[in-house]
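# Examination of the molecular architecture
Spelled out from the first residue to the last, the chains are:
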Amino acid sequence: MKPLIKLALTGAALVLIVFIAFRLYTLLGWGLVIILIGGMVYASRSNYYAIRGSTAFAADQFEQALAWYRKAYASKPCPEKHQVGYAYMLMRTGDPEQAVAVLQKLLSRTANHEIRMQARCNLATAYWLQGKRDDGIKELEGVFEQYKNTLVYGNLGYFKLMHGDLNESLEFNLAAYAFNNDDKTILDNCALNYYMLGQMTEAEAMFEQLISKSPKRAEPYYYYALTLNKLGKKEEAAEQIKLALSKDLSFLTTVTRFEIEEVAKEMDAEQ
């Protein structure tokens, strides 16, 4: 029986039971209504916890976000999308090993194609954070064969850039740019790819597009500052490195706060 038909029949049966209860005895009917409402609230508590977790995450309160998602995960039943969310929070708070365990368990059970693709994307990131870069790229390339969207293009483009041939990664990142030239991750990948190849003019043009979108993390400003500095635009570079100092780093970054501070000191001394 199709899920929607089954749900409709269940709903109709509950309405009929409540109707009969009211006909028999009014208090019995109200008691049944209260029990049904309580049951619905209890069954949907994982959604409440996940909403609280998402709100905390949006405020960069990652430990609180993890705590709420852990509650959502412990609630039975926990929707599969919240299981993916819990794994992501584990990664963001430095526990990729547990994230792998959660995602592999989910993948062993779910038949939902969308959930499988989301879980595999997160699994690839968890492998990457564990230092298993080949496994991360292989997993994400498997997703890319079946499921092409902006997130996959952005993540796989970054993985290829940081762990492969720069010319090959540029070809992929430019294809990603053709797919979506408005996404900050894709723009960042292209700009950084050009920078790493020593093509500073092209890197500058890409960074200009990216910086106009006010990226949240420090890395774009840092590499834009390095690009401008190599092009001899010292004052502009100094402005960008100050912005880099004021931003938090991405959790997938290879840049350290110390590196940014050292470059800032060097640029300050040159002025």
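The structure under discussion appears in the preceding block.
For the structure given in this document, a descriptive report is provided here. What you see is a predicted model; the values in this text were computed from it and never measured.

### Considerations on the layout of surface pockets
Empty space within the largest pocket amounts to approximately 1100 Å³. Surrounding the largest pocket, 41 residues form its lining, Asn155, Thr185, Ser250, Phe251 and Leu252 being those nearest its centre. Top contributing element to the lining of the largest pocket by residue count: helix 9 (residues 150-162), with nine residues. When its residues are assigned to classes, the lining of the largest pocket shows 21 nonpolar, twelve polar and eight charged.

### Things to note about the pattern of salt bridges
Applying the stated criterion across every chain yields a total of eight salt bridges. With a shortest N-O distance of 3.9 Å, aspartate 60 and arginine 217 are connected by a salt bridge. Residue aspartate 60 is located in the loop between helix 3 (45-58) and helix 4 (62-74), and its partner arginine 217 is located in the loop between helix 12 (200-211) and helix 13 (219-230); the two are separated by 157 residues in the primary sequence. According to the relative accessible area criterion, aspartate 60 is partly exposed, its value standing at 29%. Arginine 217 gets classed as buried once you look at its relative accessible area, which sits at 18%. Here glutamate 141 makes a salt bridge to lysine 160, at a shortest N to O gap of 2.9 Å. On the criterion of sequence distance, the pair formed by glutamate 141 in helix 8 (residues 133-146) and lysine 160 in helix 9 is long-range, its members being 19 residues apart.

### Looking at the packing of helix 11 (residues 184-197) against helix 12
Following both chains from N to C, one finds helix 11 and helix 12 inclined at 160°, their axes separated by 7 Å at the closest point. The angle between helix 11 and helix 12 places the two elements in the roughly antiparallel class. Of the two elements, helix 11 crosses helix 12, and the hand of that crossing is left-handed. Mapping the contact onto sequence places Lys184, Leu187, Asp188, Cys190, Ala191, Leu192, Tyr194 and Tyr195 in helix 11 and Met200, Glu202, Ala203, Met206, Phe207, Gln209 and Leu210 in helix 12. A per-class count over the contact of helix 11 with helix 12 returns eleven nonpolar, one polar and three charged.

### Things to note about the packing of aromatic side chains
What the rule picks out here adds up to 16 aromatic pairs. Each residue in the set Phe57, Phe62, Tyr88 and Phe251 is aromatic and connected to the rest through ring pairs, giving one cluster. In this structure, lysine 76 is placed above the aromatic ring of tyrosine 73, and the distance from its NZ or CZ to the ring centre is 5.4 Å. Against the face of phenylalanine 144 rests lysine 148, its NZ or CZ located 4.5 Å from the ring centre.

### Notes on unusual backbone geometry
Residues lysine 76 and proline 77 are joined by a peptide bond in cis, for which omega reads 5°. Secondary-structure assignment places proline 77 in the loop between helix 4 and helix 5 (80-92). Look at aspartate 60: it is not a glycine, yet its phi comes out positive at around 60°. With a phi angle near 50°, serine 214 is a residue other than glycine that sits in the positive phi range. Note on placement: serine 214 falls in the loop between helix 12 and helix 13. Exposure remark for serine 214: the relative accessible area of 54% places this residue in the exposed category.

Calculation notes
Residues numbered from 1 in each chain as written. Predicted model: local features only at pLDDT ≥ 70, side-chain atom pairs only at ≥ 80, totals over all residues. Heavy atoms only, no water. 1 Å grid on protein atoms, 1.4 Å probe; cavity = no way out; pocket = protein on both sides within 12 Å on 5 of 7 lines; lining within 4 Å. Points joined across faces, edges and corners; volume = space filled by probe spheres on them. Helix = DSSP H or I, 4+ residues; strand = E, 2+ residues; numbered from the N terminus. Nonpolar A, V, L, I, M, F, W, Y, C, P; charged D, E, K, R; others polar. Salt bridge = Lys/Arg side-chain N within 4 Å of Asp/Glu carboxyl O. Buried < 20%, exposed > 50% of the residue type's maximum accessible area, 1.4 Å probe, protein only. Axes fitted to C-alpha atoms, helices over the stretch in contact; angles between N-to-C directions. Parallel < 35°, antiparallel > 145°, perpendicular 65-115°, else oblique. Left-handed = near helix turned anticlockwise from the far one by under 90°. Contact = heavy atoms within 4.5 Å. Phe/Tyr/Trp six-rings, centres within 6.5 Å; stacked < 30°, edge-to-face > 60°. Lys NZ or Arg CZ within 6 Å of the ring centre and 35° of its normal.

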